[in-house]
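Chain by chain, the residues run as shown.
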Amino acid sequence: MSRPRLVVTRRLPVPVLERIRAEFEAIVPDTDLDAGMALAAIRRIRADALLLTPKLRLDADFIASLPDHLRVAATCSAGFDHIDVAAARARGLVVTNTPDVLTEATADLAFLLILAAARRAGEYAAIMRAGWRRSFGLDEMLGVDVSGRTLGILGMGRIGQAVARRARGFNMPILYCNRRRLPPDLEQGARYFADLHAMLPHCQILSLHAPASGDTEGLMNADAFARLPRGAIFVNTARGTLVDEEALIDALRSGHLFAAGLDVFRREPDFDRRLAELPNLILTPHVASATLETRTAMGFRALDNIAAVCTGQTPRDPLWP
Ligand code: DGY
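All residue numbers here refer to positions counted from 1 along the written sequence of the relevant chain. Per-residue local features are limited, in this predicted model, to residues with pLDDT of at least 70; the limit for side-chain atom pairs, both in listing and counting, is 80 or more; totals at the level of whole chains, interfaces and linings are taken over all residues. Water and hydrogen atoms play no part in the side-chain values, which are based on all heavy atoms of the structure.

A look at the nonpolar core
Counted only if it meets this: Buried Ala, Val, Leu, Ile, Met, Phe, Trp, Tyr and Cys residues that are joined via side-chain atoms within 4.5 Å together make up what is termed a nonpolar core. Relative accessibility thresholds used throughout: buried, under 20% of the residue-type maximum; exposed, over 50%; partly exposed, between the two (1.4 Å probe, protein chains only).
Counting 33 residues, the largest nonpolar core has Met-220, Phe-225 and Phe-234 as its most contacted members. Core analysis: the next-biggest nonpolar cluster, separate from the first, contains 29 residues, Ala-110, Ile-174, Ala-259 and Ile-282 among them.

Structure, rendered in structure tokens:
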């Protein structure tokens, strides 16, 4: 039997590449493929499958231009806001994602940002790189405790729950806002709010874990930031579209927020450089899943999904049944 034909749009960890070489006839790029390049590659090898990431938008136009031989698009991500699901469904394209395997790494990075923002890690690192040379008084350059602070979690799916598990180790009271209330065994004492605006005034730290959608677009706007208590910490490892960055900049400049941490931005990688000038904002370049183990697991999960579709089986992670 001939091997399935696959186009990959971005570089992948070595173990994933080795499996691709062993099991597929594939085009794997050295640099990212844009939509035109991906389409040309799909046509060139009459690809059955596309392995992509959120950097490539699978919009209605792109989906309409796909040749019939392309059967499956597997995004190497949990999020799929870059995919026009309705158009893919109508075209009969199977689309899969890679949930579960990045839960712990993403929660780790959210917690890293919480700790870094509270304890001014970005400012301390900058001081050391500049040579230090002056001791600080005991009242200077102070952060705030994370232990015991109340944490609000917006979006209590797998990643939100993993952040809550970490927070319990820091004795943090946990509040959460989610479309549905969790059963008590998953809630583990966290307090549920159906309404985000009702939760915000109680959050000394707020961490976002909701997907990008019409419902969450610009959710953290000037009004929402104003509802957080003065001195709150804000962290986003979900999607940049949840945040009005202008309002965030204002809240950080005015001191209403003590600090913030962002892994995701409205524009990536060409993010708003004014954010990088704020000393009380720690930034990472959309790397929540960027560990060797997790990126390898994501790549393998995407390949499992592709292999299933190419052998006539049901993939593990279809975006719709
Ligand atoms: C995800 O998996 O959705 C990560 O944010 C990578 O885009």
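The rest of the description comes next.
Let's talk about empty space enclosed by the protein
Keep this limit in mind: Two kinds of site are reported from a 1 Å grid over the protein atoms alone, namely cavities, where a 1.4 Å probe fits but cannot get out, and pockets, open sets with protein on both sides within 12 Å along at least five of seven lines, and residues are called lining when an atom falls within 4 Å of a point. Grid points are joined across faces, edges and corners, and a volume is the space filled by probe spheres set on the points. Numbering of helices and strands runs from the N terminus; a helix is a DSSP stretch of H or I covering at least four residues, while a strand is a stretch of E covering at least two. Each residue gets one of three labels, nonpolar for Ala, Val, Leu, Ile, Met, Phe, Trp, Tyr, Cys and Pro, charged for Asp, Glu, Lys and Arg, and polar for the others, Gly among them.
Overall, the coordinates contain one cavity of 30 Å³ or more when judged by the stated rule. What the largest cavity holds in volume is close to 50 Å³. Every residue along the wall of the largest cavity is listed here: Ala-116, Ala-117, Arg-120, Ala-121, Gly-122, Glu-123, Ala-259, Ala-260, Pro-279, Asn-280, Leu-281 and Ile-282. At the level of elements, helix H5 (103–118), helix H6 (121–129), strand E11 (257–262) and strand E12 (281–283) are the ones that each hand at least two residues to the lining of the largest cavity. It is H6 that provides the largest number of residues to the lining of the largest cavity, a total of three residues. Across the lining of the largest cavity, the residue classes break down as eight nonpolar, two polar and two charged.

Observations regarding the domain arrangement of the chain
We count it as follows: All domain edges in this entry derive from an automatic or database-based domain assignment. Summed over both partners, the accessible surface that disappears when two parts come together, traced with a 1.4 Å probe, is what is meant by buried area. Take a side-chain nitrogen of Lys or Arg and a carboxyl oxygen of Asp or Glu: if they are within 4 Å of each other, that pair is a salt bridge.
One can read the domain layout of the chain as domain 1 (5–101 + 292–310) and domain 2 (103–283). Of note, the centres of domain 1 and domain 2, computed from C-alpha atoms alone, are 32 Å apart. If you sort the residues of domain 1 by the area they bury against domain 2, Asp-81, Asp-100 and Thr-294 come out on top, with a joint share of 64%. Here Asp-100 ties to Arg-158 by a salt bridge, and the two come within 2.5 Å at their closest N and O atoms. For the side of domain 1 that touches domain 2, the residue count by class is three nonpolar, two polar and two charged.

Topic: the pairing of strand E9 (residues 205–208)
The criterion, for reference: DSSP calls a pair of strands paired once it identifies at least 2 bridges connecting them. Handedness of a crossover is defined as follows: orient the strands so they point away from the viewer, and if the path from the first strand over the helix to the second runs clockwise, the crossover is right-handed.
Across the two faces of E9 the burial is the same, with Ile-205 and Ser-207 and Leu-206 and Leu-208 all buried. In this structure, E9 lies alongside strand E10 (residues 232–236), joined through four bridges in parallel fashion. For Leu-208, the partnering residue across the bridge sits in E10 and is Asn-236. With respect to chirality, the unit in which E9 leads through helix H10 (residues 222–227) into the neighbouring parallel E10 is right-handed.

Section: the sheet that holds E12
Our working rule: As a rule, the C-alpha atoms of each element are fitted with a line to give its axis, helices using only the stretch in contact, and angles between N-to-C directions run from 0 to 180 degrees. Should any heavy atoms of two residues lie within 4.5 Å, those residues are counted as being in contact.
The strand order across the open sheet formed by seven strands is E8-E7-E6-E9-E10-E11-E12, and the pairing between neighbours is parallel. Edge positions in the sheet fall to strand E8 (191–193) and E12, since each has one partner strand and no second. Ignoring which end each strand starts from, the neighbouring axes of this sheet average 15 degrees apart. Where strand E6 (residues 151–154) lies against E9, four bridges are found, and the strand directions are parallel. Considered in E9, the bridge of Gly-152 is made with Leu-206. Lying over the sheet, helix H7 (residues 158–169) contacts E6 and strand E7 (174–177), oriented at roughly 170 degrees with respect to E6.

So, the site of the ligand
For clarity, the threshold we go by: Throughout, the term near means that a residue has one or more heavy atoms lying within 4 Å of the molecule or strand in question. Polar contact is defined as a pair of N or O atoms within 3.5 Å, subject to the rule that within protein one atom must be able to donate a hydrogen and the other to accept it, and that residues adjacent in sequence are counted only when both atoms are side-chain atoms.
As a structural note, the neighbourhood of the ligand is formed by Pro-54, Ser-77, Ala-78, Gly-79, Leu-102, Arg-239 and His-286. In this structure, an oxygen atom belonging to the ligand sits 2.6 Å away from a main-chain N or O atom of Ala-78. Measuring from an oxygen atom of the ligand, one finds a side-chain N or O atom of His-286 at 2.8 Å. Tallied by class, residues from the shell around the ligand come to three nonpolar, three polar and one charged.

Quick word on H7
Spelled out, the test is: Every helix has an expected span of 1.5 Å times one less than the residues it contains.
Under the 1.5 Å per step criterion, the end-to-end length of H7 is 18 Å for twelve residues, consistent within 8% with the ideal 16 Å. At its buried positions, H7 is contacted by H5, E6, E7 and helix H8 (184–187). Remark: Asn-171 follows H7 within two positions and exhibits a positive phi of approximately 55 degrees.

Quick word on the packing of helix H1 (residues 14–23) against helix H12 (residues 292–310)
Definition in use: If an angle is under 35 degrees, it is roughly parallel; if it is over 145, roughly antiparallel; if it lies from 65 to 115, roughly perpendicular; otherwise it is oblique.
At a minimum axis separation of 8 Å, H1 and H12 run at an interaxial angle of 25 degrees. When the axes of H1 and H12 are compared, the pair comes out roughly parallel. Across from Pro-15, Val-16, Arg-19 and Ile-20 in H1, the residues of H12 making contact are Arg-295, Thr-296, Gly-299, Phe-300, Leu-303 and Asp-304. Here the contact of H1 with H12 is composed, by residue class, of five nonpolar, two polar and three charged.

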